[in-house]
Amino acid sequence: MSEVKVRVRFAPSPTGYPHVGNIRTALFNWLFARHNGGVFILRIEDTDRERMVEGAVEAIVDSLHWLGLDWDEGPHFQSQRLALYHEVAQELVKLDAAYYCYCSPERLRSVREEQMKRKQPPGYDRHCRNLTRSQRDEFESRGIVPVVRFKTPLEGQTIFQDLLRGEVVFQNSTLDDFVLLKSDGYPTYHLANIVDDHFMEVSHVLRADEWLSSTPRHVLLYQALGWEPPKFAHLPMILGPDRSKLSKRHGATSITEYMEAGYLPEAMFNFLALLGWSLDDKTELMDKDTIIKHFSLERISKNPAVFNREKLDWMNGVYIRSLSLAEFTRRALPFLKKGLPSEVSSLLDESYVSRVMPLIQDRARTLGEVAQLTEFFFVEELEYDSKLLVEKLSPAQAGSSLRVTLVHLEELAAWDAQSLEKLLRPLAEELRLKTSVYFGLLRVAVTGRTAAPPLFQTMEVLGKERCLRRLKSALARVSRAE
Ligand code: GLU
């Protein structure tokens, strides 16, 4: 038996911004293709015209580019392939596997209401399944545009093998005569999906769990057309930490939000790969090549995966720390420009930026945090609550400490971290202050914050002039409180 050539597709509907779950599906398909030397196809399923969202296609494409998920074929747009779907729908009618339905939306609504009242499962009542030629002519003469429905077998079972779950059995009696072609001329998901998978010679369909209930319909369509179905694998759901389906309630769900928040694509890649797949149940950090090399359907879990934001933040921090300083600076720069006040960001001096960056590289969990972490390096005037200066000291003590410090610092010729430490550490003793209290005071004075990168290095980068100015302004603040 010859090996089947792996051809997989990512088939998003542009009905919103790509959810992390969608992109996880894209990633698994891409990994499967790359591991097997196969083909990855991008297909945009834009047949639901009412639910289309402007900009969604661009967001999908941007997300794939960002993660480095390149496609070998496409993007195909289903909206450009309507003639093909019509042809297949007519073929199904000819085969007596589908029929025209003229029921009005009002009639369908009242059928549904009646079913609800009787507590029956909702579904089309097959009113048009057996219309005669003359009944159809009569509807046509009234100008009613029909839909095409599938003639679902009334009895029996539809069985297929899921590569992850094994045999899946559906009773045909639970499936209704679903629509294939809508009255607006567009196919439904079911029709367009199987037609494309067939003609694009898709070998494996890896898609989210939520599509499992569509699969028996697809299998029936393949059978009716005499086409061989692809192999199916339904990927485990992604849950929030509370074990309910991942949703907005759990925070950002669209991949573009993570992109904009400054997560690194390589961290996101690694993180998403572990949402349902694992190398050995313990290895967390893996680069792209390692994941491609080891990716297999056998290692995909049947259980839902939990989206753990803390783990993502941790992983992103690890990836940030592993960048060279130059690379970190290059990637952080756009975030810095966006995040700093505009009067500062337009004047960024690259050599100064490159001296600031090493001080925060190991503290940033995302590139988006960089502006907030470093703002005090760039602004002219610090804004902070003067109370921070006198949290551990009386205003008089803080004032005299700052005065003494200023005198010494003004005389300091070499403004580097080492010299600063050599001067200031003994000064704490002289002032009879605990170093933590004294350095805390200086930290607030020069950064406006109680938590910042190491004090002496920070002072070195800020420079003598700026530090003295800030210490004087802190002194003025405490003098007002004295
Ligand atoms: N258009 C569907 C989606 O948005 C495709 C599902 C499938 O892969 O068959 O996810």
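See the structure above.
Residues numbered from 1 in each chain as written. Predicted model: local features only at pLDDT ≥ 70, side-chain atom pairs only at ≥ 80, totals over all residues. Heavy atoms only, no water.

Caption draft 1: The overall build of the chain, seen in detail. Helix and strand counts for the chain come out as 20 helices and 12 strands. The globule rule puts the C-alpha radius of gyration for 482 residues at 23 Å, and the 32 Å found for the chain is more than 25% above it. Dimensions of the chain along its principal axes, counting C-alpha atoms only, are 105 × 55 × 40 Å. The burial tally for the chain puts 51% of its 482 residues in the buried class. Within the structure as shown, the chain displays about 23700 Å² of accessible surface, and the carbon and sulfur contribution to it stands at 50%. Within the chain, the 66 negative side-chain charges are centred at a point lying 3 Å from the centre of the 63 positive side-chain charges. (Helix = DSSP H or I, 4+ residues; strand = E, 2+ residues; numbered from the N terminus. Rg over C-alpha atoms; globule rule 2.2 N^0.38 Å. Buried < 20%, exposed > 50% of the residue type's maximum accessible area, 1.4 Å probe, protein only. Areas by Shrake-Rupley, 256 points an atom, 1.4 Å probe, with all protein chains shown as cover. Lys, Arg positive; Asp, Glu negative; His and termini not counted. Charge placed at Lys NZ, Arg CZ, Asp CG, Glu CD.)

Caption draft 2: Helix H12 (residues 325-339), seen in detail. For H12, with 15 residues, the first-to-last C-alpha span of 20 Å sits near the 21 Å given by 1.5 Å per residue. Of all the residues in H12, the buried ones are Phe 328, Thr 329, Arg 331, Ala 332, Leu 333, Phe 335 and Leu 336. Of the surrounding elements, those touching the buried residues of H12 are helix H8 (255-260), helix H9 (265-273), helix H11 (309-322), helix H13 (342-345), helix H14 (350-360) and helix H15 (370-378). (Expected span 1.5 Å × (residues − 1). Contact = heavy atoms within 4.5 Å.)

Caption draft 3: Fine view of helix H4 (residues 105-117). Over its 13 residues, H4 runs 18 Å from end to end, which matches the ideal 18 Å to within 8%, given 1.5 Å per residue. Of the residues trailing H4, Lys 119 is marked for its positive phi of about 55°.

Caption draft 4: The arrangement of the nonpolar core in detail. Judged by nonpolar contacts, the single largest core of 116 residues is most densely connected at Leu 272, Leu 336, Phe 378, Leu 409 and Leu 424. The contacts of Leu 272, once residues within four sequence positions are left out, are Val 20, Ile 23, Arg 24, Leu 27, Phe 28, Leu 67 and Ile 255. Counting residues in hydrophobic clusters, the runner-up holds 42 residues, among them Ile 41, Leu 92, Tyr 102 and Tyr 222. (Core = buried A, V, L, I, M, F, W, Y, C linked by side-chain atoms within 4.5 Å.)

Caption draft 5: Region of interest: the layout of surface pockets. One number sums up the size of the largest pocket: a volume of about 860 Å³. In terms of lining residues, the largest pocket is bounded by 34 residues, among which Ser 13, Thr 15, Asn 22, Glu 210 and Trp 211 are the most central. Contributing elements (two or more residues each) for the lining of the largest pocket: strand E1 (7-10), helix H1 (20-35), helix H6 (189-199) and strand E9 (204-208). The element best represented in the lining of the largest pocket is H1, accounting for four residues. (1 Å grid on protein atoms, 1.4 Å probe; cavity = no way out; pocket = protein on both sides within 12 Å on 5 of 7 lines; lining within 4 Å. Points joined across faces, edges and corners; volume = space filled by probe spheres on them.)

Caption draft 6: Structural context of the pairing of strand E4 (residues 98-101). Covered by surrounding structure in E4 are Ala 98 and Tyr 100 together with Tyr 99 and Cys 101, the residues of both alternating faces. As paired elements, E4 and strand E5 (residues 147-150) share four bridges and run antiparallel to each other. Residue Tyr 100 lies in a different strand from E5, and its bridge partner there is Val 148. (Pairing = 2+ DSSP bridges.)

Caption draft 7: Looking closely at the sheet that holds strand E3 (residues 73-77). One open sheet accounts for three strands, arranged E1-E2-E3; its pairing is parallel. Every interior strand has two partners, whereas the edge strands, E1 and E3, have only one. Across this sheet, the average inter-strand angle for adjacent strands is 25°, counted without regard to direction. Where strand E2 (residues 39-44) meets E3, three bridges bridge the pair, whose relative direction is parallel. From the neighbouring strand, Ile 44 faces E3, where its bridge partner is Phe 77. (Axes fitted to C-alpha atoms, helices over the stretch in contact; angles between N-to-C directions.)

Caption draft 8: Structural detail: the sheet that holds strand E8 (residues 179-181). The strand order E4-E5-E8 describes an open sheet built from three strands, whose pairing is antiparallel. The open sheet terminates on both sides in strands that have one partner only, identified here as E4 and E8. Adjacent strand axes in the sheet meet at a mean angle of 40° when their direction is disregarded.

Caption draft 9: Structural context of the packing of helix H3 (residues 82-94) against H6. Two elements in contact, H3 and H6, have axes separated by 10 Å at closest approach and are oriented at 100°. As the angle between them shows, H3 and H6 are arranged roughly perpendicular. Across the interface between the two elements, Leu 84, Tyr 85, Val 88, Ala 89 and Leu 92 of H3 pack against Leu 191, Ala 192, Val 195, Asp 196 and Phe 199 of H6. Of the residues assigned to the contact of H3 with H6, the class counts are nine nonpolar, no polar and one charged. (Parallel < 35°, antiparallel > 145°, perpendicular 65-115°, else oblique. Nonpolar A, V, L, I, M, F, W, Y, C, P; charged D, E, K, R; others polar.)

Caption draft 10: Local environment of the site of the ligand. In the neighbourhood of the ligand, the contacting residues comprise Arg 9, Ala 11, Pro 12, Ser 13, Glu 45, Tyr 189, Asn 193, Arg 207 and Trp 211. Here a nitrogen atom of the ligand sits 2.6 Å away from a polar atom, N or O, in the side chain of Glu 45. One of the side-chain nitrogen or oxygen atoms of Tyr 189 is found 2.8 Å away from an oxygen atom of the ligand. For the ligand, whose unbound accessible area comes to 290 Å², protein coverage reaches 90%. In this structure the site holding the ligand corresponds to the largest pocket. Residues of the shell around the ligand, tallied by class, amount to four nonpolar, two polar and three charged. (Near = heavy atom within 4 Å. Polar contact = N/O pair within 3.5 Å; in protein donor to acceptor, adjacent residues only side chain to side chain. Sits in = over half its atoms within 2 Å of the grid points.)

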